Amino acid sequence: MQTANLSRRKPRVFAVLALGAFALSFAAGPALGQGKPVPGGTAILAVGADPATLNPDVSVGVPDIVTGCIVYDALVRFEKGFKIVPSLAKSWEIAPDGLTYTFHMNQATWSDGKPVTSDDVKFTLLEVSAKFGSKFVSVGQAIKEIETPDPLTVVVKLAKPFGPFLFSLACEQNAAILPAHVFRGTDVLKNPASLAAPVGNGPYRLSEWVRGDHLTFVKNPTYWTKGQPLLDRIIVKIMPDSAARILALQAGEIDYIDQYYFPASAISVLENDPRFKLQEVSYPSDDIIILNTRKAPLDNAKVRQALLVAMDRQYLLKNVFLNTGQLGASAIDSRLTQFYNPAVNYEKMYAYNPARAKALLDEAGVKPGLDGTRFTIRISFDTGRPEYTSAAQAIQRFWQAVGIKVVLEGAERPVVLKRVYADYDFDATMQNYSTSGDPALGISRAYHTESIKQGATFNNASGYSNPEADDLFNKGRDAATTAERAKHYFKAQEVIARDLPVITYHQQAQIGASSTRLQDLWQAANYQWWHKVWLKK
């Protein structure tokens, strides 16, 4: 099997290099495009749940982005190493002061035949991405105005320099370009184009959705790139069971499993099989536990600290994640080396120590009752995520050992998302948050007061609101240089390490799996290159 040095003898570590705000080195693999691309055929992907929406600008859920970015294109894409390259924007200029970006667009059409214009870009970024996209909220705050001097020219003026601005304009960053004529004046979240009938500009169009089973996407005959896409169809299979996904890949029934749904336990099964390729992809993501700080005693920082101290994270790394990835060190992933504060290390600050955890709980006034129970905590988690059930069971044992009764509330993804983000009906929830390569894009959303948006997903679900943290995240976002940004983010990490509304316990290894029949798949951070993917006969 073609593999990307996926040894399980020690935790996997990403290499992070300098490329604007962030870059990530991909593991070595074979050259792209082994042979001449052959058009035609059907590729079959597997995800663990139906998408909650087909609008990639209002969610960062994996099924939503996987499917949404098949239907929609954005202004830019990422190549390997997160090099920013053109997509709907064929070129751009940046003013010397970093405040004005002028984009020149390719000619493209929507699937209803209307042209894609600069008005669509303006409407999308200001009225959808900035208002509903948890990754784009900081970007939206930096935009002063957008001008559209002609149908194919967009001029974005920023209120202040924003280092990761171009990086923010890819589909998976909540910046897919949407049709203004379909969404303007409507409830964006409830618009049929968000729910079931997208009007796209991307390489494929949705032709069928059998909920709970599959979605079928067919080639867009009017796609703006000549000769593409190459595949006739993409089928996205809904497969909640992780073992069933691996068996289907081995049987040739599916061709690709996204990294979010690929279990670490399958590495040893596939790594020596020449029919498959494993690849480390995407920017760093973290496994976290969000604590509902609206509820006592979780509104007490000492209680939250005790929960972390009571967790044997080395056990989780070894026995649940099979030594893939590494221990969580801080609110900012340690692989974002420009922004990570090495003085913050959860493993040192909050080393596993049940006796200390009990003492912290006693100090917080949360003492055991006659039955030894201090309080009850419910953990909500997605059973479709391969490792989460095992992790939840282990955490249950850890916390019960210090007198906390733990109720596990595992469910399918849509149930968990509603419970956590719409109803706030949870005590703790296990989630996966991507860093998006920059604290302003993927990390502050978990902590900033402005990211408390009930009903929207993957934002500040804890309810944590601290003006000091908000100010530091704002300054880190707005500073002109990486060094100045880092100073503020260093301090923000110290505040979060003290308050701990979110427990970052594992830094993921982002490993996806595919059949070697799929060619030119591993070109970037996933999601954005399906127009070039082809099947080797």
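Keep in mind that this is a model prediction, so the values were computed, not measured.

### Concerning the overall build of the protein
In step 1: Counting its regular elements, the protein contains 16 helices and 23 strands.
In step 2: Its C-alpha atoms give the protein a radius of gyration of 23 Å, near enough to 24 Å, the size a compact globule of 537 residues would have.
In step 3: C-alpha atoms of the protein, sized along the principal axes, occupy 70 × 55 × 40 Å.
In step 4: Expressed as a percentage of the 537 residues in the protein, the buried residues total 61%.
In step 5: Intrachain contacts of the protein at a sequence separation of at least 6 include 72% that bridge at least 24 residues.
In step 6: Both charge centroids of the protein, one from 58 positive and one from 52 negative side chains, sit 3 Å from each other.

### Details of helix α12 (residues 388-400)
In step 1: Here α12 is 13 residues long and its end C-alpha atoms lie 18 Å apart, about the 18 Å a rise of 1.5 Å per residue gives.
In step 2: Every buried residue of α12 is accounted for by Tyr388, Ala391, Ala392, Ala394, Ile395, Phe398 and Trp399. The buried side chains of α12 occupy one side of the element, clustering within an arc of 165° when seen end-on.

### Description of the state of the cysteines
In step 1: Within this structure, the stated rule accounts for 1 disulfide.
In step 2: Residue pairing for Cys69: its cysteine sulfur links by disulfide to Cys171, the two sulfurs lying 2.0 Å apart. Its S-S torsion of approximately -95° makes the covalent link between Cys69 and Cys171 left-handed. With a gap of 102 residues between them, Cys69 in helix α1 (residues 62-71) and Cys171 in the loop between β9 (153-158) and α4 (180-183) connect regions that are remote in the sequence.

### Topic: empty space enclosed by the protein
In step 1: Within this structure, the stated rule accounts for 9 cavities of 30 Å³ or more.
In step 2: Each pocket or cavity is described by its volume, and for the second largest cavity that value is around 140 Å³.
In step 3: What lines the second largest cavity is a set of 16 residues, and nearest its centre among them are Phe262, Thr324, Arg385, Glu387 and Ala509.
In step 4: For the lining of the second largest cavity, the class distribution of residues is 8 nonpolar, 5 polar and 3 charged.

### So, the packing of aromatic side chains
In step 1: Under the criterion given, the structure shown has 16 aromatic pairs.
In step 2: Ring geometry for Phe78 and Phe167: centres 4.7 Å apart, planes at 25°, overall stacked. Within this pair, whereas Phe78 is found in strand β4 (residues 76-78), its partner Phe167 is found in the loop between β9 and α4, the two being separated by 89 residues in sequence. In terms of burial, Phe78 and Phe167 fall into one category: buried.
In step 3: Taken together, a centroid distance of 5.9 Å and an interplanar angle of 90° make the contact between Tyr315 and Phe398 edge-to-face.

### Quick word on the environment of Ala392
In step 1: Tracing the chain through its elements places Ala392 in helix α12.
In step 2: Its relative accessible area of 0% is what places Ala392 among the buried residues.
In step 3: Distance in space between the C-alpha atoms of Ala392 and Ala180 is 43 Å, their sequence separation being 212 residues.
In step 4: Aside from chain neighbours lying at most four places away, what touches Ala392 is Phe381, Leu408 and Met430.

### Details of the nonpolar core
In step 1: Membership of the largest hydrophobic core comes to 163 residues, with the highest contact counts inside it found for Phe103, Phe165, Phe262, Ile289, Trp399, Met430 and Tyr505.
In step 2: Per-element accounting of this core gives the leading share, 7 residues, to α12.
In step 3: With sequence-adjacent residues up to four places away left out, Ile289 is seen in contact with Met311, Ile395, Trp399, Ala428, Thr429, Met430, Pro501, Val502, Ile503 and Tyr505.

### Description of the sheet that holds strand β8 (residues 143-150)
In step 1: Across the sheet, which stays open at both edges, the 4 strands sit in the order β6-β7-β9-β8 with antiparallel pairing between neighbours. Two strands in the sheet have a free side with no partner beyond their single neighbour: β6 (89-94) and β8. The average angle at which neighbouring strand axes cross in this sheet is 20°, direction not considered.
In step 2: Bridge count between β6 and strand β7 (residues 100-105): 5 bridges; the pairing is antiparallel. If you follow Ile94 over to β7, its bridge partner there is Tyr101.
In step 3: Here helix α2 (residues 118-132) sits on the sheet in contact with β7, β8 and β9, set at roughly 165° to β8.

### Side note on unusual backbone geometry
In step 1: With an omega of 5°, the peptide bond between Gln228 and Pro229 qualifies as cis.
In step 2: Relative to the helices and strands, Pro229 is located in the loop between β11 (214-219) and β12 (233-238).
In step 3: In the segment running from Ala296 into Pro297, the intervening peptide bond is cis, with an omega of 0°.
In step 4: Phi is positive for Asn323, which is not a glycine, with a value near 60°.
In step 5: Here Asn323 is to be found in the loop between α9 (313-320) and β16 (326-327).
In step 6: For Leu500, which is not a glycine, the phi torsion comes out positive at approximately 50°.
In step 7: Turning to its location among the elements, Leu500 is positioned in the loop between α16 (482-499) and β20 (502-507).
In step 8: In this structure Leu500 comes out as buried when scored by relative accessible area, which is 0%.

### Some words on the sheet that holds strand β21 (residues 511-515)
In step 1: Taken together, 7 strands build an open sheet; the order of strands is β10-β11-β12-β3-β13-β21-β14 and the sheet is mixed. Both outer strands of the open sheet, β10 (204-210) and β14 (276-280), are each paired with one neighbouring strand and no more.
In step 2: Pairing between strand β13 (residues 256-257) and β21: 2 bridges, direction antiparallel. By the bridge assignment, Tyr256 is partnered in β21 with Ser514.
In step 3: Here α1 sits on the sheet in contact with β3 (42-47), β10, β11 and β12, set at roughly 20° to β11.

Cut-offs and rules
- Residues numbered from 1 in each chain as written.
- Predicted model: local features only at pLDDT ≥ 70, side-chain atom pairs only at ≥ 80, totals over all residues.
- Heavy atoms only, no water.
- Helix = DSSP H or I, 4+ residues; strand = E, 2+ residues; numbered from the N terminus.
- Rg over C-alpha atoms; globule rule 2.2 N^0.38 Å.
- Buried < 20%, exposed > 50% of the residue type's maximum accessible area, 1.4 Å probe, protein only.
- Contact = heavy atoms within 4.5 Å.
- Lys, Arg positive; Asp, Glu negative; His and termini not counted.
- Charge placed at Lys NZ, Arg CZ, Asp CG, Glu CD.
- Expected span 1.5 Å × (residues − 1).
- Arc of directions from axis to C-beta.
- Disulfide = S-S within 2.5 Å.
- 1 Å grid on protein atoms, 1.4 Å probe; cavity = no way out; pocket = protein on both sides within 12 Å on 5 of 7 lines; lining within 4 Å.
- Points joined across faces, edges and corners; volume = space filled by probe spheres on them.
- Nonpolar A, V, L, I, M, F, W, Y, C, P; charged D, E, K, R; others polar.
- Phe/Tyr/Trp six-rings, centres within 6.5 Å; stacked < 30°, edge-to-face > 60°.
- Core = buried A, V, L, I, M, F, W, Y, C linked by side-chain atoms within 4.5 Å.
- Pairing = 2+ DSSP bridges.
- Axes fitted to C-alpha atoms, helices over the stretch in contact; angles between N-to-C directions.

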